[in-house]
Amino acid sequence: MCGIIGYTGHRPAVPVCIEGLRRLEYRGYDSAGVTFAQQGRLEVIKESGKLAELERALEKAGNVYNATTALAHTRWATHGVPNQANAHPHLDGGERVALVHNGIIENFQSLRQELADKGYTFRSDTDSEVLVQLLSEGLHHHGSMKEALSWTLGRAEGAFAIVVLSLDRPGRLWGARQHSPLVMGLGVGENFLASDIPAFLPYTREVVFLEEGELVEIDASSWRVYDLETLKVRDKEPQTITWDVQAAQKGGYKHFMLKEIFEQPRVIRDCLTGRLDAAAGEVRLEELDDLPDPERITVVACGTSYYAGLWGKHIIEKLARVPVDVTIASEFRYSDPIVGPGDMVLAISQSGETADTLAGMRLARERGAKVLGLCNVVGSSVARESDAVIYTQAGPEISVASTKAMCSQLTLLLCIALRLARRLGRFSDEDMETAAKALDELPGTLDDALPEMRETAQKYSRLYSEAANFLYLGRGWAYPMALEGALKLKEISYIHAEGYAAGEMKHGPIALIDPKFPTFALAMADELFPKVKSNLIEVQARGGKIIALTNPGLDLEVDHPWPLPHVWGPLNVFMALPALQLFAYELADYLGKDVDQPRNLAKSVTVE
Ligand code: F6R
């Protein structure tokens, strides 16, 4: 879950790496550090806390502009508390080799014991320091860095992306990956290794994605990739990235989250481009057409992506009448799941690197199921390991709390539902025409609605800023949105919130309701509206205050109604989602929380 950037070239390397770390802060941010060779020794400067702390330390250190090769890291703690000693880079005992690591070495305790028995001492509690000490042991036995890395990493169990700098070749960097991401950026007279592309995007668009079990060696003017185990050279094709670093910056909004919420009309439009033919009344989805008709679909995902999957179940079952199970990936992987040939497993992941989702899809493939990846990051592990992949095309999502990525997942899930419904002959030409027209109009409707939605969110968030708890209620399609609304609120405002199926409330949670325990309801125009209305009357009877997303003209009396534009039924979700996101955003911002980087969270959960 950490961020890595290594640079070797002709520029002052430390500022390049610090700038790269800033663009990787979403990956983890409890400590940061940098190393470079200077005057015959490896300088390591690292600090706990956010990147600003490291920048202050670098200012104090002075004279950091000469090195043209450097290696830097932001950490999200897995082993050992976030303090200076545990921050990366880590040095070997002789201080000749520095290493940064993202991932978890599962057998680090036995390796550490083995090294301790040989007299090695440790400065940190991390599994990563064990790797660099083991590497120095490897260098004793094998001489060359490549061989030593192959030996060392061959002994490491678990997940890693590492980059190494050695005093013996201070203009060179070595990297390797297994279950954690690492990409190489190829510039002119300079090369990069990083956890993610935005780290080096201002300098180059040419990238090489490293695969599982690959080792790479770079200097300013050359690069080569090897099989980590055999050290045989592997041929790799550079790819050109078309998106822009601007897309990864705030563009005038106070926070990335707000910017990303407002990008949703564009995201929907992009997802539909080339897929929706409004004139012909058709949805195309070639990626899906490559796979056979599924007898059943199993969605595997985590967090917000899981909630998108729950909505996907609703819409796929409703439109295509294909049964859908939705399972949290961390449960799926250990549940001995009943999947096999004939099943389609839909792995939904914004980052494409979520460890549990990846493990779930690997298991499904082992058992003969076809895996369709729904993923936002081109070249990510989910994308590479799926039988077919549908890219959600939301662009890089920087705010830790997922917003526009979910919107893109919902758009594509609707496309999947429509495409399957058409393939299976369960959706008439007339229905399809209505759907295509409504989808075509959706981005414009949402664009027009967002400014007023934000004003309402601002107004209501002030009214409820003292609430310590919230209950989110919805039924049918709106139940997954109630779960998502509650998740967003707790993630960024730290207010306790629970999402519940409105009809289930009287079986327990109703006991919580009192005038200080507000309810956020989804009571929009659909066939379940009368049922939701009755549930809300039950809340009111206990003195509970209610904010309700609803539609103009509906007969609903609550404290704070929040009318949203009327759209074609299955598209209600695209109006409700930004309202829920904006309410959480405005409340968290009003309370002074760090909206884009909430405590204890990281953007890409690459550990189990
Ligand atoms: C919530 C959030 C997380 C992610 C989850 C899965 O705002 O962002 O719950 O949805 O960690 O991540 P991906 O989709 O990258 O697999």
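Quick notes on the rules
- Counting restarts for each chain: residues are numbered from 1 in the order of the written sequence.
- Selection of residues for local features in this predicted model requires a pLDDT of at least 70, selection of side-chain atom pairs for listing and counting requires 80 or more, and totals for whole chains, interfaces and linings are taken over all residues.
- As a rule here, side-chain values come from all non-hydrogen atoms in the structure, and water together with hydrogens is ignored.
- Think of a salt bridge as a Lys or Arg side-chain nitrogen and an Asp or Glu carboxyl oxygen that are within 4 Å of each other.
- The numbering of helices and of strands both runs from the N terminus, where a helix is a DSSP run of H or I of at least 4 residues and a strand a run of E of at least 2.
- Buried means the residue's accessible area, taken with a 1.4 Å probe over protein chains only, is under 20% of the maximum for its type, while exposed means over 50%, and partly exposed covers the values in between.
- Being near a molecule or strand, for a residue, means having at least one of its heavy atoms within 4 Å of it.
- Here a polar contact is taken to be a pair of N or O atoms separated by no more than 3.5 Å, where protein atoms must pair a possible hydrogen donor with a possible acceptor and residues adjacent in sequence count only if both atoms sit in side chains.
- Shrake-Rupley sampling with a 1.4 Å probe provides the accessible areas, and residues are treated as covered by the protein chains on show and by no other component.
- With axes taken as lines fitted to C-alpha atoms, and helix axes fitted only over the stretch in contact, angles between N-to-C directions fall between 0 and 180 degrees.
- Should an angle fall under 35 degrees it is taken as roughly parallel, and over 145 as roughly antiparallel, whereas 65 to 115 is taken as roughly perpendicular and any remaining angle as oblique.
- Crossings are assigned a handedness: left-handed for a near helix turned anticlockwise from the far helix by less than a right angle, right-handed for a clockwise turn.
- Residues are treated as being in contact if the distance between any of their heavy atoms lies within 4.5 Å.
- Marked domain ranges trace back to an automatic or database domain assignment.
- Buried residues of nine kinds, namely Ala, Val, Leu, Ile, Met, Phe, Trp, Tyr and Cys, make up a nonpolar core once their side-chain atoms join them within 4.5 Å.
- For two strands to be treated as a pair, DSSP must find no fewer than two bridges joining them.

Caption draft 1: Structural context of the pattern of salt bridges. Counting across every chain of the model gives 45 salt bridges. In this structure, Arg-23 engages Glu-19 in a salt bridge whose closest nitrogen and oxygen atoms are separated by 3.3 Å. Here the residue Arg-23 and the residue Glu-19 both occupy positions in helix α1 (residues 13-24), the gap between them amounting to 4 residues, near one helical turn. On the basis of relative accessibility, which here comes to 11%, the residue Arg-23 falls in the buried class. For Glu-19, a relative accessible area of 32% corresponds to the partly exposed category. One salt-bridge network, held together by shared partners, links Lys-259, Glu-263, Arg-266, Asp-270 and Lys-404.

Caption draft 2: Examining the site of the ligand more closely. Near the ligand, the surroundings consist of 14 residues, among which Ser-305, Ser-349, Gln-350, Ser-351 and Thr-354 are the closest. Ser-349 is positioned such that a nitrogen or oxygen atom in its side chain is 2.6 Å from an oxygen atom of the ligand. Gln-350 has a polar backbone atom sitting 2.7 Å from an oxygen atom of the ligand. Coverage of the ligand by the protein chains reaches 89% of its 410 Å² of free accessible surface.

Caption draft 3: Representation of the packing of α1 against helix α2 (residues 51-61) within the structure. At a closest axis distance of 11 Å, the pairing of α1 and α2 adopts a crossing angle of 165 degrees. In terms of their interaxial angle, α1 and α2 are classed as roughly antiparallel. Remark: the crossing between α1 and α2 carries left-handed chirality. Seen from α1, the contacting residues are Val-14, Ile-18, Leu-21 and Arg-22; seen from α2, they are Leu-51, Leu-54, Glu-55 and Leu-58.

Caption draft 4: Here's a closer look at the domain arrangement of the chain. We note that the domain assignment places domain 1 (3-246) and domain 2 (249-590) within the chain. Spacing between the C-alpha centres of domain 1 and domain 2 amounts to 37 Å.

Caption draft 5: The nonpolar core, seen in detail. One finds Ile-316, Phe-470, Trp-562 and Phe-583 to be the most contacted residues of the largest nonpolar core, which totals 99 residues. The leading source of residues in this core is helix α17 (residues 572-590), at 13 residues. Setting aside anything within four residues of it in sequence, one finds Ile-316 in contact with Ile-297, Arg-321, Val-322, Val-324, Leu-413, Ile-416, Ala-417 and Leu-420. Counting 31 residues, the second-largest nonpolar core is a separate cluster that includes Ala-67, Ala-70, Ala-194 and Val-207.

Caption draft 6: Inspection of the sheet that holds strand β9 (residues 183-186) at higher detail. Across the sheet, which stays open at both edges, the 8 strands sit in the order β3-β2-β4-β1-β10-β9-β11-β15 with antiparallel pairing between neighbours. Unpaired on one side and paired on the other, β3 (41-48) and β15 (239-240) mark the two borders of the sheet. When β9 meets strand β11 (residues 206-209), the two strands line up antiparallel, connected through 3 bridges. Across the sheet, Gly-185 pairs through a bridge with Val-207, a residue of β11. Across the sheet, α2 is in contact with β2 (31-38) and β3; its angle to β3 comes to roughly 140 degrees.

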